[in-house]
Amino acid sequence: AQSVTQLGSHVSVSEGALVLLRCNYSSSVPPYLFWYVQYPNQGLQLLLKYTSAATLVKGINGFEAEFKKSETSFHLTKPSAHMSDAAEYFCAVRNNAGNMLTFGGGTRLMVKP
Amino acid sequence: DAGVTQSPTHLIKTRGQHVTLRCSPISGHKSVSWYQQVLGQGPQFIFQYYEKEERGRGNFPDRFSARQFPNYSSELNVNALLLGDSALYLCASSLGTITDTQYFGPGTRLTVL
């Protein structure tokens with residue numbers, strides 16, 4: 001069974017600083033990995049996805065993530081944080097049958113002015 | 001194009017009651033999945049339906065049931081509500097194949113008193 005661990009339930013950065021949100025996965029087969037963002041009182045919005053085409057994946061709003069098989073990681077980064085990036089971020093892995101996502105516990109990103 | 005829509009937005013019920021939540025997928029999408037997101041946690045998979053058939057079920061009791069209609073909309077039913085059922089219920093739709101991305105609706109906030 002797949003699983004996802006997000007290290008750090010809360011991350012605080014200054015505006016303009018590097019954003020790094022960590023995600024480690026467990027999967028017995030090559031994984032399909034996703035990052036979603038959730039703004040307060042809203043649903044989940046897809047940021048980016050890894051589907052084995054390229055290890056560095058670019059998403060919306062300047063975010064990108066790098067798949068590292070040797071480290072079973074899929075960390076999310078953004079070079080320069082914006083106040084509007086403050087939200088909850090979820091990493092997820094899809095199962096073999098493709099019919100369910102397993103989510104991590106989420107990381108709340110806070111951006112200080 | 002309209003995204004995934006869910007109704008109602010908010011719902012308050014008392015213990016023991018029954019609730020029905022509704023979801024309309026993105027036009028052209030044939031698969032609908034349901035997730036439960038308890039406050040402070042990542043979403044947990046409940047069901048997936050594709051072409052009106054159940055294609056996956058998460059670790060939830062039989063009090064939870066769902067169905068999909070010919071127009072691909074879906075209902076999630078929960079019987080004998082417990083306090084622990086209080087959560088944000090998210091619906092996601094996808095085209096239907098195992099490689100498809102799931103797109104989430106805004107959710108229904110259920111409060112059980």
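Scroll up to find the structure.
Calculation criteria
- Residues numbered from 1 in each chain as written.
- Chains lettered and ligands numbered in written order.
- Predicted model: local features only at pLDDT ≥ 70, side-chain atom pairs only at ≥ 80, totals over all residues.
- Heavy atoms only, no water.
- Helix = DSSP H or I, 4+ residues; strand = E, 2+ residues; numbered from the N terminus.
- Rg over C-alpha atoms; globule rule 2.2 N^0.38 Å.
- Buried < 20%, exposed > 50% of the residue type's maximum accessible area, 1.4 Å probe, protein only.
- Areas by Shrake-Rupley, 256 points an atom, 1.4 Å probe, with all protein chains shown as cover.
- Lys, Arg positive; Asp, Glu negative; His and termini not counted.
- Charge placed at Lys NZ, Arg CZ, Asp CG, Glu CD.
- Salt bridge = Lys/Arg side-chain N within 4 Å of Asp/Glu carboxyl O.
- Contact = heavy atoms within 4.5 Å.
- Buried area = accessible area lost by both parts, 1.4 Å probe.
- Polar contact = N/O pair within 3.5 Å; in protein donor to acceptor, adjacent residues only side chain to side chain.
- Phe/Tyr/Trp six-rings, centres within 6.5 Å; stacked < 30°, edge-to-face > 60°.

**Q** What is the right way to read the overall build of chain A from this model?
**A** The helix and strand inventory of chain A stands at 0 helices and 12 strands. For chain A, the sequential pattern of α-helices and β-strands runs β-β-β-β-β-β-β-β-β-β-β-β. Taking 13 Å as the expected radius of gyration for a compact globule of 113 residues, we find that chain A reaches 13 Å, a close match to that expectation. Dimensions of chain A, computed from the C-alpha atoms along their principal axes, are close to 45 × 30 × 20 Å. For chain A, buried positions account for 46% of its 113 residues. Put simply, chain A shows about 5300 Å² of open surface, and 53% of that area lies on carbon and sulfur atoms. Once the 9 positive and 6 negative side-chain charges of chain A are each reduced to a mean point, those two points are 5 Å apart.

**Q** Sorry, what's going on with the pattern of salt bridges here?
**A** Charged atoms that come close allow side chains of opposite charge to pair. Residue and element names in this part refer to chain B. According to the stated counting rule, one finds 9 salt bridges over all chains in the structure shown. As a salt-bridge pair, Arg22 and Glu75 come within 3.5 Å of each other at their nearest N and O atoms. Taken together, the positions of Arg22 in strand S3 (residues 19-24) and Glu75 in strand S8 (residues 74-78) put the pair 53 residues apart, joining distant regions of the chain. With a relative accessible area of 10%, Glu75 lands in the buried category. Here Lys30 makes a salt bridge to Glu51, at a shortest N to O gap of 3.6 Å. Of this pair, Lys30 sits in the loop between S3 and strand S4 (31-37) while Glu51 sits in the loop between strand S5 (44-50) and strand S6 (53-57), and the two are 21 residues apart along the sequence. Among the residues examined, Lys30 registers a relative accessible area of 30% and is labelled partly exposed. Because the salt bridges share partners, they merge into one network encompassing Arg22, Arg67 and Glu75.

**Q** Would you take a moment to explain the interface of chain A and chain B for this structure?
**A** Bring the parts together and some accessible area is lost; that lost area is often taken as the interface size. Taken together, the contact between chain A and chain B spans 19 residues of the former and 21 residues of the latter. Each partner contributes to the roughly 1500 Å² buried at the junction of chain A and chain B, and carbon and sulfur atoms together form 51% of this total. Linking chain A with chain B are 0 salt bridges, by the criterion used here. Applying the counting rule to chain A against chain B returns 5 residue pairs in polar contact (both at pLDDT 80 or more). Those elements giving two or more residues to the side of chain A that touches chain B turn out to be strand S5 (32-38), strand S6 (44-50), strand S10 (87-94) and strand S11 (101-103) of chain A. In terms of residue count, the dominant contributor to the side of chain A that touches chain B is S5(A) (4 residues).

**Q** Any chance you could explain the packing of aromatic side chains here in plain terms?
**A** Residue and element names in this part refer to chain A. By the definition in use, this model includes 14 aromatic pairs over all chains. Between Tyr50 and Phe67, the aromatic rings sit 4.1 Å apart at their centres with planes inclined by 15°, giving stacked as the arrangement. Taken together, the residues span a long stretch of sequence, with Tyr50 in strand S6 and Phe67 in strand S8 (residues 64-68) at a distance of 17 residues.

**Q** Explanation requested: the environment of Glu53(B) in the structure shown.
**A** Residue and element names in this part refer to chain B. Checked against the element boundaries, Glu53 lands in strand S6. Classification of Glu53 as partly exposed rests on a relative accessible area of 49%. Between the C-alpha atom of Glu53 and that of Leu39, which follows or precedes it by 14 residues, the distance is 30 Å. For Glu53, the contacting residues outside a window of four places in its chain are Gln48 and Gln68.

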